[in-house]
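Descriptive structure summary
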Amino acid sequence: MKYANISGKISKKRTRTCVYDFFFVILHAIWISISDNRNYMNISYKWLKRYIDLQDDAQTVAKILTSIGLEVGTVETVETIRGGLKGLVVGEVLTCEPHPNSDHLHITKVNIGEGEPLPIVCGAPNVAAGQKVIVATVGTVLYDGDESFTIKKGKLRGEDSWGMICAEDEIGVGTDHAGIIVLPADTPVGMPAAEFYHVENDAVIEVDITPNRSDACSHFGVARDLYAYYKAHNNPTSALPSREGVQLTKPSVEEFKEEDQTSPISVFVDAPDAAPRYSGLYIKGVEVKESPEWLKNSLLAIGLRPINNVVDVTNFVLHEMGQALHAFDADKIKGNEIHVRYAKQGEKFVTLDGVEREMDSRDLMIANKEEAMCIAGVFGGLESGVTENTKNIFLESAYFDPVTIRKTSRRHQIQTDASFRYERGCDPCNTLYVLKRAALLIKEVANAEQVGLILDNSASQELLKPWSVTIDINRVNSLIGKAIGEDTIETILKALEINIVAKLGDSWQLEVPRYRVDVQRECDVVEDILRIYGYDNVEFPEKLNTSLAYGVKPDPEKLRRRIAEQLTAQGFNEILNNSLTKVSYYEPLTQLTLDTCVKIMNPLSQDLGVMRQTLLFGGLESIARNANRKNADLKFYEFGNCYHYKANPAAREHNPENSLVEYSEEPHMALWITGNKAAQTWVRKEEKTTFYQLRAYVNNILVRLGVDLSKTTVERLENELFSDGLVLKATNGKALGFIGIVARKQLKAFDIEQEVFYADLDWNQLLKQNKQYKAVINDLPKYPEVKRDFALLVDKSVEFADLARAAFATEKKLLKNVYLFDVYEGKNLEAGKKSYALSFILQDAENTLKDTQIENIMNRMKATFEEKFHATLR
């Protein structure tokens, strides 16, 4: 069983916004929980050819895999030694003379099997005439870590040098730099170094594995899918393009023998619900050492580090057959007993990485008579593994309950190649075959003396039975959208190892192999048939039928696109952050507290422990990331949902069937601006972003959505996340959103040094406002507008919005707008007072305003200001 940590990070995509409803986000969180961060697998092209006689190259195979549902990310060429030792050949040193201008260099003549002998100046102390050596010819590229250099013709202290005689570390075959490599005397001159060192080139195909395709988590599983494709496309009665036939070869285990009919190890399965099948065998007299070249090269090709021959075999078989194995040092199994049991609550266990972990009573453990040895299906123990001193091993091959393994993996935040497969569902019918396959390989590479009796504990024969599925041929053709023929369907089913038990007219009774955990319904079988047949082979009909649905006003998606386009045109970039966020953001807060967060039961990490209550923190993360990369002038917007939990026992008791009664989800829109509004140029000075700039952007959004700004009100924002701000309210008193200056304390937590202005708009409230909006088309006014100004002395507590509301209440027909063009506080004013300079725009659509009308309106507004605000004209 390979127990190597797999690390990953959920990417934040700056793409078109996706809006999830509450249920989808919860399902999304569960999906993340059941899926390993690393959902791809490296497939070696050469390794694949051990099981299927491929005639297509790696790139073509990659296209086929993508077409049948195993999407390929990349195809890369890999070499066991970087550069493949190209340009390096075996040479013979013909002469070796001291350099006349150096006390340590030598001038050599080297025969490389073609052309004239090469003059090469060499500084190695062990160079001598008659040696067979490795020569880097002119033009050869050598690598030193991430750097490379090219061998060129040159002169060393006045003498020609047309190549280089190499040491081990200079070409990547070892670490010795004490002298040059001296090869056996019978090595042929001119032999490529790659041939001498058995350098292999391979193509590695990166296959993205979806959580339902546990059967494809191995080289043989991928080969099996390819075989089905080739078989289906080589059917002479099929309309598909013909392909030359290929054979699928499963490694034989016929040579396996139980050489000892006893086993010194006894197995007791104390938790059959979590370990429905547990198999194992004792192998005596292994010699733990370095693996042979073929085994090391196989693992290196897919990015695995060879450890020793026994562990490498378990890793090889895991990636070959998709079944995880684990080898225990049998002499460390105390009491010669293995107990498959649940952990004791609080039990301490030290894993292979040296970390002591506190186990949960729901964790499945592999233990001996006295103590735990392994977290079943997840991670091995520090004390029970195979070392160079191991002489006898107990090899484990099991089928563990996928849910149990997944929960343990997430609970302890450990993701391994073993848990990756176990939590998706391995093949319970495959444990014995894999055990035999691994035992034969260990006998081969570790010179094992004797293989003992196979121990097999299976909880139920039902576990080994195939899935029974009935399909209707007419429904198959209907779902595919094309009648593909019964012969083609039968060929594909047989190629997929799906057995046709009976044909009763159009109804077929099938037996699906147990390893296909994703094929248990008719629609699953149809999907499998279609992916092998080929989506591209289903033609569009000449006539397409559709149904029209009338849109509902307002259309949220249409409005969202409209606002997104508006902001993008104004220089904003759209961001999309994860709905799961850090617990630490909410721990110190008193308003958006941790108690009101929607918590994830088995989080991947504390960084993804709760669902967000505000969009603010995700945007600050994006700002910090950009600012740290010298991109500090930013304008972001995001559409996203926020989630809240409010304990309400009464509501829960009143409605016990609704498990979400205490949870709420709200769509929001957020804007962030920071840095410079305009960079400094030769014609203008640098200009910083301001609160009022963001207010203007927000006003534009409100106007675009049909909100009458003259009827909105503002209140001061009281929020611990912001040092100051305004709350925007509709006429019904409902908050449309707020605009704030992010508090210095919050910016410091993200290492942001510049001011950040933030706006948060309640999308549901904006949609309600838009629903009430009716566009009215009026003629352009024929008569001019009139402007009058007041300079008012008011108390400092009076806000401009209060004065504007009072003005519109006083003159509802002719007053079109009110502007604030100056605010003054300071000398020559009474204490506690400030001066507002206001402009009033008056206009009559039917007539030209007369002076008497204007004076009457202004006098009434003056009286209103005096009465309500004790204002005086300056």
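This section reports on the structure supplied with the text. (Residues numbered from 1 in each chain as written. Predicted model: local features only at pLDDT ≥ 70, side-chain atom pairs only at ≥ 80, totals over all residues. Heavy atoms only, no water.)

**A closer look at the overall build of the protein**
For the protein, the count of helices and strands is 22 helices and 43 strands. Computed over C-alpha atoms, the radius of gyration of the protein comes to 38 Å, more than 25% over the 29 Å expected from 2.2 N^0.38 for 874 residues, which places it beyond the range of a compact globule. Looking at the protein as a whole, 49% of its 874 residues are labelled buried. The contacts of the protein with a sequence gap of at least 6 include a subset with a gap of at least 24, amounting to 72%. When the accessible area of the protein is evaluated, it comes to approximately 43900 Å², of which 49% is carbon and sulfur surface. (Helix = DSSP H or I, 4+ residues; strand = E, 2+ residues; numbered from the N terminus. Rg over C-alpha atoms; globule rule 2.2 N^0.38 Å. Buried < 20%, exposed > 50% of the residue type's maximum accessible area, 1.4 Å probe, protein only. Contact = heavy atoms within 4.5 Å. Areas by Shrake-Rupley, 256 points an atom, 1.4 Å probe, with all protein chains shown as cover.)

**As for helix H13 (residues 486-495)**
Along H13, seven of the 10 residues are buried, which leaves the element largely enclosed by surrounding structure. Considered for burial, the residues of H13 that qualify are Thr488, Ile489, Glu490, Thr491, Ile492, Leu493 and Ala495. In this structure, the buried side of H13 is in contact with helix H6 (219-232), strand S25 (467-472), helix H12 (473-480), strand S26 (499-504), strand S27 (507-512) and helix H14 (522-533).

**A short note on the nonpolar core**
Burial of nonpolar side chains together is a common tendency in soluble globular proteins. In terms of nonpolar packing, the biggest core is built from 90 residues, with Leu65, Leu226 and Leu493 touching the most fellow members. Other than its neighbours up to four places away in sequence, Leu226 contacts Leu48, Ile52, Leu54, Val61, Ile64, Leu65 and Ile68. In this structure, Val267, Ala367, Leu455 and Leu463 belong to the second largest nonpolar core, which totals 39 residues. (Core = buried A, V, L, I, M, F, W, Y, C linked by side-chain atoms within 4.5 Å.)

**Description of the layout of surface pockets**
Using a probe with the size of a water molecule, rolled over the atoms, empty space left in the structure can be pinpointed. Of the volumes computed, that of the largest pocket is approximately 1500 Å³. For the largest pocket, the lining is made up of 39 residues, of which Arg695, Asn699, Val714, Phe800 and Ala801 are closest to its centre. Elements supplying a minimum of two residues to the lining of the largest pocket: helix H18 (691-704), strand S36 (713-716), strand S37 (722-729), helix H21 (800-810), strand S41 (815-824) and strand S42 (833-842). When residues of the lining of the largest pocket are assigned to their parent elements, the largest contribution, seven residues, is made by S41. Of the residues in the lining of the largest pocket, the class split is 20 nonpolar, six polar and 13 charged. (1 Å grid on protein atoms, 1.4 Å probe; cavity = no way out; pocket = protein on both sides within 12 Å on 5 of 7 lines; lining within 4 Å. Points joined across faces, edges and corners; volume = space filled by probe spheres on them. Nonpolar A, V, L, I, M, F, W, Y, C, P; charged D, E, K, R; others polar.)

**Digging into the packing of aromatic side chains**
Applying the stated criterion across every chain, the model contains 24 aromatic pairs. For the ring pair Tyr645 and Tyr663, a centre distance of 5.1 Å and an interplane angle of 45 degrees mean the geometry is tilted. Of this pair, Tyr645 sits in strand S32 (residues 634-645) while Tyr663 sits in strand S33 (residues 663-674), and the two are 18 residues apart along the sequence. Summarising the aromatic geometry, the rings of Trp672 and Tyr758 are spaced 5.4 Å apart at their centres and angled 50 degrees between planes, so their arrangement reads as tilted. (Phe/Tyr/Trp six-rings, centres within 6.5 Å; stacked < 30°, edge-to-face > 60°.)

**Looking at the side chain of Thr108**
Within the element layout of this structure, Thr108 appears in strand S4 (residues 106-111). A distance of 2.7 Å separates the side chain of Thr108 from the backbone oxygen of Ile120, its partner in a polar contact. (Polar contact = N/O pair within 3.5 Å; in protein donor to acceptor, adjacent residues only side chain to side chain.)

**Description of the environment of Met321**
As for its position among the elements, Met321 is in helix H8 (residues 309-321). A relative accessible area of 10% places Met321 in the buried class. Not counting the four nearest positions on each side in its chain, Met321 is found in contact with Ser218, Phe220, Lys250, Asn430, Tyr433 and Val434.

**Some words on the side chain of Glu811**
Counting through the fold element by element, Glu811 comes out in the loop between H21 and S41. Among the polar contacts made by the side chain of Glu811, one reaches the main-chain amide nitrogen of Leu814 at a distance of 2.9 Å. In contact with Glu811, other than residues within four places in its own chain, are Ile857 and Arg860.

**Some details on the pairing of strand S5 (residues 118-122)**
S5 sits mainly inside the fold: five of its five residues count as buried. On S5, burial covers both faces: Leu118, Ile120 and Cys122 on one face and Pro119 and Val121 on the other are all buried. As defined by bridge partners, S4 adjoins S5 across five bridges and the pair is classed as antiparallel. Bridge pairing in S5 links Thr108 to Ile120. Counted between consecutive antiparallel strands, the loop separating S4 from S5 contains six residues, among which Gly113 sits at a positive phi close to 90 degrees. (Pairing = 2+ DSSP bridges.)

**Things to note about the pattern of salt bridges**
Scanning all chains against the criterion turns up 41 salt bridges. Of the charged contacts in the structure, one is a salt bridge between Asp353 and Arg357, with a shortest N-O distance of 2.7 Å. Between Arg612 and Glu638 there is a salt bridge, and its shortest N-O distance comes to 3.4 Å. Placement of Arg612 in the loop between strand S31 (610-611) and helix H16 (616-627) and of Glu638 in strand S32 is noted, with a sequence separation of 26 residues between them. A residue is classified by how much of its surface remains accessible, and Glu638, at 0% relative accessible area, is buried. Via salt bridges that share partners, Arg213, Asp215, Asp225, Arg516, Asp518, Asp528 and Arg531 belong to a single interconnected network. (Salt bridge = Lys/Arg side-chain N within 4 Å of Asp/Glu carboxyl O.)

That is the geometry; function is a separate question.
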